[in-house]
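Remarks on the overall topology
Listed here are the chains, written in short residue letters.
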Amino acid sequence: MSSYPPSSPAQPTTLRQRLAGLRGPAVPPRPLDARALAALAANPGCGRRALLDGAGVDKTALATALGSPASFGQSQFAIVRGNSFEAKVKGDGGAELLRLVHAHLAPTTEPPGPGARVPDLTAAGPEGRAARTALALREATAAGLDAGAWTLLDHPMLALEVAGSPAYLEPDAVVVHPDGRWTVVEIKSFPMIDGAADAAKVGAAARQAAVYVLALEKTAGKLPGAEVGHTVLLVCPKDFSNLPTAAPVDIRRERSVTRRQLDRLTRVEELAAALPEGLSFDPATRTAEELDRAVSAVDAAYAPECLAACELAFHCRDRARSADQVTALGRSVRGELGALTTVEAALAAAGGTGCAEDPTAAALHRAARLRAEALDLAAARPPHPSPETPACPC
Ligand code: SF4
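Let me sum up the structure you'll find in this document. (Residues numbered from 1 in each chain as written. Predicted model: local features only at pLDDT ≥ 70, side-chain atom pairs only at ≥ 80, totals over all residues. Heavy atoms only, no water.)

**Here we look at the overall build of the chain**
Here is the rule: Counting from the N terminus, the helices are the DSSP runs of H or I reaching at least four residues and the strands are the DSSP runs of E reaching at least two. We take the radius of gyration over the C-alpha atoms and set the globule estimate at 2.2 Å times the residue count to the 0.38 power. The classification of residues rests on relative accessible area computed with a 1.4 Å probe and restricted to protein chains. Under 20% of the type maximum is buried, over 50% is exposed, and intermediate values are partly exposed. Contacts are assigned to residue pairs that have any heavy atoms within 4.5 Å of one another. We get accessible surface area from the Shrake-Rupley algorithm with a probe of 1.4 Å; when it comes to residues, only the shown protein chains can shield them. A positive count includes Lys and Arg, and a negative count includes Asp and Glu. His and the chain ends are not counted in either. Lys charges are placed at NZ, Arg charges at CZ, Asp charges at CG and Glu charges at CD.
Within the chain, the regular secondary structure consists of 14 helices and eight strands. Taken against the 2.2 N^0.38 rule, which gives 21 Å for 394 residues, the C-alpha radius of gyration of the chain at 27 Å runs more than 25% over that of a compact globule. Across its three principal directions, the C-alpha atoms of the chain cover 90 × 80 × 45 Å. A burial count over the chain gives 40% of its 394 residues as buried. A separation threshold of at least 6 residues defines the contact pool for the chain, and within that pool the share at least 24 residues apart is 65%. With the model as given, the accessible surface of the chain reaches about 20,700 Å², and the carbon-plus-sulfur share is 56%. On the chain, the mean spot of the 41 positive side-chain charges and the mean spot of the 44 negative ones are 1 Å from each other.

Set out below in structure tokens:
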């Protein structure tokens, strides 16, 4: 077994070098996508995720090396079904998609005609595609303001600077209205039944759309007359059919949370500086035990929601459970228990041996007493008389 921390010949000097050292100098940084940025916003208190994402660590490979591989993500069947639904929504030059945007977000303006603009956004590499998208947005805004044209940008490429590096993001579509407004459209394959979809899935889609809105705002800020809408359009299959339906989603809250979290990511330097020298998350050069200690060196904020959003969820859940942390029971339980951070401390408080000065411990003890009294009363009460069994007619 190799020693820990491993000997490190040179001291990294810049943040870029420091992060490369954490990732493994020979490992290319894993680019951040909108899903990863949205997941960061969903758990803003987790320094572990912020650092690993900021350093571009491949969390899937790390989780596998730790012996707790991630098991979330879409099945192949769901991906194929989603792609086919998206193609249907965007078919016929985006006529149905533009109709939905007009009906839900701009019903008082002139509806899009049959010849709406759908510019070609192909270019070489993500930088080229982002530059082509920026040009198309400029032309579409001018065409809207000058000639009242609607424009659909199909899979545009947006650039957003995250922790000093550009992240390239690809929304399903952006629609430019004749008044210069830009609307992000998210096309999802989960159903909208009676006009409502699964709240958790809508929340995840809203956080993802918020990342796109932030990226668009960088471009719109340089263009006179352009404005990014803070209400996005969510398009889903209607009820149990394959027909598209849509609902506007206000993402102002998600946008500000994501903005704060991205600002926090730019302070990844502080998180990295607090780590011991020579620490690395590179599965190719470190044993599982070394990786475990490296991951444990960064504070985490595990919650059951991590299971749907982070590759390290099984590892962090095991550690939270073995440390008896109440966070493993959910954020609401954690919030209710205040200074009682372990299950043992909460049980002690309920049993009356907690800190007498702590109002949470006192409330928990009182609740436990009331519960015990209620159970005693229920046990002492005679059983309900059962209805008499009717006599057999024969
Ligand atoms: S699974 Fe772990 S690293 Fe990922 S967000 Fe949750 S606590 Fe943070």
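Past the structure itself, the notes keep going.
**With respect to the environment of T353**
Note on placement: T353 falls in the loop between α13 (343–350) and α14 (359–380). A sequence separation of 44 residues divides T353 from A309, and the C-alpha atoms of the two residues are 38 Å apart.

**Looking at the side chain of R49**
Spelled out, the test is: Between N or O atoms, a polar contact is any pair within 3.5 Å; within protein, one atom must be a potential hydrogen donor and the other a potential acceptor, and residues adjacent in sequence are included only when both atoms are from side chains.
Topologically, R49 is positioned in helix α3 (residues 47–54). Given a relative accessible area of 7%, R49 falls into the buried group. At 2.9 Å, the side chain of R49 and the backbone oxygen of A309 are in polar contact. With sequence-adjacent residues up to four places away left out, R49 is seen in contact with A36, A39, L40, K59, A309, C310 and E311.

**Side note on the nonpolar core**
Stated formally: The criterion is simple. A nonpolar core is a set of buried Ala, Val, Leu, Ile, Met, Phe, Trp, Tyr and Cys residues joined through side-chain atoms within 4.5 Å.
By size, the foremost hydrophobic cluster in this structure holds 44 residues, and its most contacted members are L37, L160, L169, W182 and L216. Counting residues per element, this core draws most heavily on helix α7 (residues 199–220), at eleven residues. Membership of the second largest hydrophobic core comes to 26 residues, among which are L19, A63, L291 and A294.

**Observations regarding the site of the ligand**
This is how the line gets drawn: Whether a residue is near a molecule or strand depends on its heavy atoms: it is near if one of them lies within 4 Å of it. As a working rule, the residues Ala, Val, Leu, Ile, Met, Phe, Trp, Tyr, Cys and Pro are called nonpolar, Asp, Glu, Lys and Arg charged, and the rest polar, with Gly in that last group.
Taken together, N43, C46, R48, R49, A300, A301, Y302, C306, C310, L312, A313 and C316 form the complete shell of residues around the ligand. For the shell around the ligand, the secondary structure elements donating two or more residues are α3 and α11 (313–322). Considering only residue class, the shell around the ligand consists of nine nonpolar, one polar and two charged.

**Re the packing of helix α2 (residues 34–42) against α3**
This is how the line gets drawn: Angles here are taken between N-to-C directions and fall from 0 to 180 degrees, while the axes themselves are lines fitted to C-alpha atoms, restricted in helices to the stretch in contact. Every angle not falling under 35 degrees, over 145, or within 65 to 115 is termed oblique; those three ranges are roughly parallel, roughly antiparallel and roughly perpendicular. In a left-handed crossing the near helix is turned counterclockwise from the far helix by less than a right angle, and in a right-handed crossing that turn is clockwise.
Packing of α2 against α3 leaves a shortest axis separation of 10 Å and a crossing angle of 155°. When the interaxial angle is binned, α2 and α3 end up roughly antiparallel. As α2 packs across α3, the resulting crossing turns out to be left-handed. The segment α2 lies against α3, with A36, A39 and L40 engaging R49, A50 and D53. Looking at the contact of α2 with α3, its residues break down into four nonpolar, no polar and two charged.

**Quick look at the pattern of salt bridges**
For clarity, the cut-off: In what follows, salt bridge is the name for a side-chain nitrogen of Lys or Arg lying within 4 Å of a carboxyl oxygen of Asp or Glu.
Counted under the stated rule, the structure contains 17 salt bridges. Here D250 and R252 are joined by a salt bridge, their closest N and O atoms 2.6 Å apart. Judged by its relative accessible area of 38%, D250 is partly exposed. Among the residues examined, R252 registers a relative accessible area of 53% and is labelled exposed. Measuring nitrogen to oxygen at the nearest pair gives 3.5 Å for the salt bridge that ties R253 to E254. Looking at R253, the relative accessible area reads 60%, which means it is exposed.

**Some words on the pairing of strand β4 (residues 173–176)**
Basically, it comes down to this: When DSSP finds at least two bridges between two strands, those strands are taken to pair.
Where burial is concerned, the two faces of β4 agree: the one with A173 and V175 and the one with V174 and V176 are both buried. Of the strand pairs in this sheet, strand β1 (residues 151–154) and β4 are connected by four bridges, and their pairing is antiparallel. Looking across to β4, one finds that L152 is bridged to V175. Relative to strand β5 (residues 181–187), β4 is paired through four bridges, and the arrangement is antiparallel. Following the sheet pairing, V175 is matched in β5 by T183. As consecutive antiparallel partners, β4 and β5 are separated by four residues, and within that stretch G180 has a phi angle of approximately 90°, a positive value.

**With respect to helix α1 (residues 15–23)**
Every buried residue belonging to α1 is among R18, L19, A20, L22 and R23, and all of these are buried. The inward-facing, buried residues of α1 abut α3 and α9 (268–273). Just past α1, the residue G24 takes up positive phi, approximately 115°.

**Some remarks on the environment of T109**
Relative to the elements of secondary structure, T109 occurs in the loop between α5 (76–105) and α6 (125–147). For T109, a relative accessible area of 29% puts it in the partly exposed group. A C-alpha to C-alpha distance of 8.9 Å links T109 and D179, two positions 70 residues apart in sequence. A polar contact of 2.9 Å, which involves the side chain of T109, links it to the backbone oxygen of A106.

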